[in-house]
Amino acid sequence: MTNTSRRTVLASMAAVAAGLPTLNAVVGNGATPAAAAADTYSSNMELYTLKADREGIDWMRRFRIGGGAVTDNGRHASVPLNSTAVLAPHGGGIEAGTSELCMAVAGYKPFDYDIDPATAAEPDEPQRDFWMFEALASSSTQHVTSTHCNDPAAVAVCSSNLYAVSLHGFSSEEKKIIIGGRDERLKRNLYEAFTASGFASAMVVDVVIAAPGDPINGDDSRNIVNRTRTGAGAQLEISTPLREAMFGDFSTGASRRSTAGQTSAASPKADMYWNGFVKNVRRAIVNHEMGKDPFYIQKPEDPDPNLPV
């Protein structure tokens, strides 16, 4: 595909969606990606080097590398191969809500910094490797295009896993999910999870698979989500209205962590949007790790045109 910056595309979409709130860099509501033609920093390493003294003030990163051994010796039930990393390359105030969703999909209740992730582990859920870059301030200048991500921890997380799912945000007037990436089977599992479960129709969420050649389809081999042991991953672009609907209070990072999936006057269905999204992504990952492919259950005479061959 043409190597077009995600920010360039998202900025043009933001211009069309006039009237949406602008990015609040300090509190990090991340409603609309900033209108910039190019990233301020050419890579994560450049950002870290030039803003090293601002870590913990302007930015931070969090990650988990290395899960436990998995053994399957059962006769009647297969164990999924838990080897899927979860990423939020533009978390914090850049694409707000993606940090919290990353934690949740990875098997944790959204937790604050300086907290032992083990204390936030969800019971009966596998805890997966994750990596997040989170902007704490000056959010609009800290976006690094996914194809330029060279954070050593991000590379280690992805290269240690067979698969990966990355979470992104984009501006739109509707609740929408765009599924991209190089892993065609994982994309099909994600699409099937959102649609077959009834989440998309019941919650009026438009779920589509990015077309080949779409500048934000995530199929570039340099995209961090595709730098797995299989050379492929899937990315989910989540619209601002959908992310806002998942939180009781979307205004700051602290409020998002404390109100994820909690209803409020502003978000009366936050529990349904949050749980529907998180559970369906988890379900798709498990199905993928089990080797399932929803393409094979499509009726030959009535194939789903949204599922890529």
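Figured I'd write up the structure that's included with this text. (Residues numbered from 1 in each chain as written. Predicted model: local features only at pLDDT ≥ 70, side-chain atom pairs only at ≥ 80, totals over all residues. Heavy atoms only, no water.)

Turning our attention to the pattern of salt bridges. In total, this model carries 14 salt bridges according to the counting rule given. Arg 257 is the salt-bridge partner of Asp 112, the closest N and O atoms lying 3.2 Å from each other. Here Arg 257 lies in helix α8 (residues 253-259) and Asp 112 lies in the loop between α3 (98-105) and β3 (130-135), a separation of 145 residues in the sequence. Of the charged contacts, one joins Arg 222 and Asp 220 as a salt bridge, the two residues approaching to 3.0 Å between their closest N and O atoms. Taking the relative accessible area as the measure of exposure, Arg 222 reaches 41% and is therefore partly exposed. Residue classification places Asp 220 among the buried residues on the basis of a relative accessible area of 9%. (Salt bridge = Lys/Arg side-chain N within 4 Å of Asp/Glu carboxyl O. Helix = DSSP H or I, 4+ residues; strand = E, 2+ residues; numbered from the N terminus. Buried < 20%, exposed > 50% of the residue type's maximum accessible area, 1.4 Å probe, protein only.)

We now examine empty space enclosed by the protein. Here the structure, examined in full by the defined rule, presents two cavities of 30 Å³ or more. For the second largest cavity, the calculated volume is near 30 Å³. Val 105, Gly 107, Glu 125, Pro 126, Arg 128, Arg 282 and Val 286 are the residues that line the second largest cavity. Here the lining of the second largest cavity is composed, by residue class, of three nonpolar, one polar and three charged. (1 Å grid on protein atoms, 1.4 Å probe; cavity = no way out; pocket = protein on both sides within 12 Å on 5 of 7 lines; lining within 4 Å. Points joined across faces, edges and corners; volume = space filled by probe spheres on them. Nonpolar A, V, L, I, M, F, W, Y, C, P; charged D, E, K, R; others polar.)

A separate point is helix α4 (residues 152-159). All buried positions along α4 are accounted for by Ala 153, Ala 154, Val 157 and Cys 158. Here the buried residues of α4 occupy an arc of 130 degrees about the axis, which is enough to place them on one side. Taken together, the buried residues of α4 touch β1 (59-64), β2 (84-92) and β3. (Arc of directions from axis to C-beta. Contact = heavy atoms within 4.5 Å.)

Turning to the packing of aromatic side chains, a few remarks are in order. Aromatic ring pairs are reported here in terms of the distance separating the ring centres and the angle at which the planes meet. Across all of its chains, the model carries 11 aromatic pairs by this definition. Note on Tyr 48 and Trp 59: the rings are 4.6 Å apart at their centroids and 20 degrees apart in plane angle, and the pair reads as stacked. Within this pair, whereas Tyr 48 is found in helix α2 (residues 44-50), its partner Trp 59 is found in strand β1, the two being separated by 11 residues in sequence. Pair check on accessibility: Tyr 48 and Trp 59 agree, each one buried. Counting every residue linked through ring pairs, the aromatic cluster contains Tyr 48, Trp 59 and Phe 133. (Phe/Tyr/Trp six-rings, centres within 6.5 Å; stacked < 30°, edge-to-face > 60°.)

Moving on, we get to the sheet that holds strand β6 (residues 206-209). With respect to topology, seven strands assemble into an open sheet ordered β1-β3-β2-β4-β7-β5-β6, the strand pairing being mixed. Two strands lie at the open edges of the sheet, namely β1 and β6, each paired on one side alone. Averaged over all neighbouring strand pairs, the angle between strand axes comes to 15 degrees, with direction disregarded. As defined by bridge partners, strand β4 (residues 163-170) adjoins strand β7 (residues 234-239) across six bridges and the pair is classed as parallel. By the bridge assignment for β7, Phe 170 is matched with Ser 239. Contacting β1, β2, β3, β4 and β7, α3 crosses the sheet at an angle of about 165 degrees to β2. Taken strand by strand, helix α5 (residues 184-196) contacts β4, β5 (176-181), β6 and β7, and its axis lies near 165 degrees from that of β5. (Pairing = 2+ DSSP bridges. Axes fitted to C-alpha atoms, helices over the stretch in contact; angles between N-to-C directions.)

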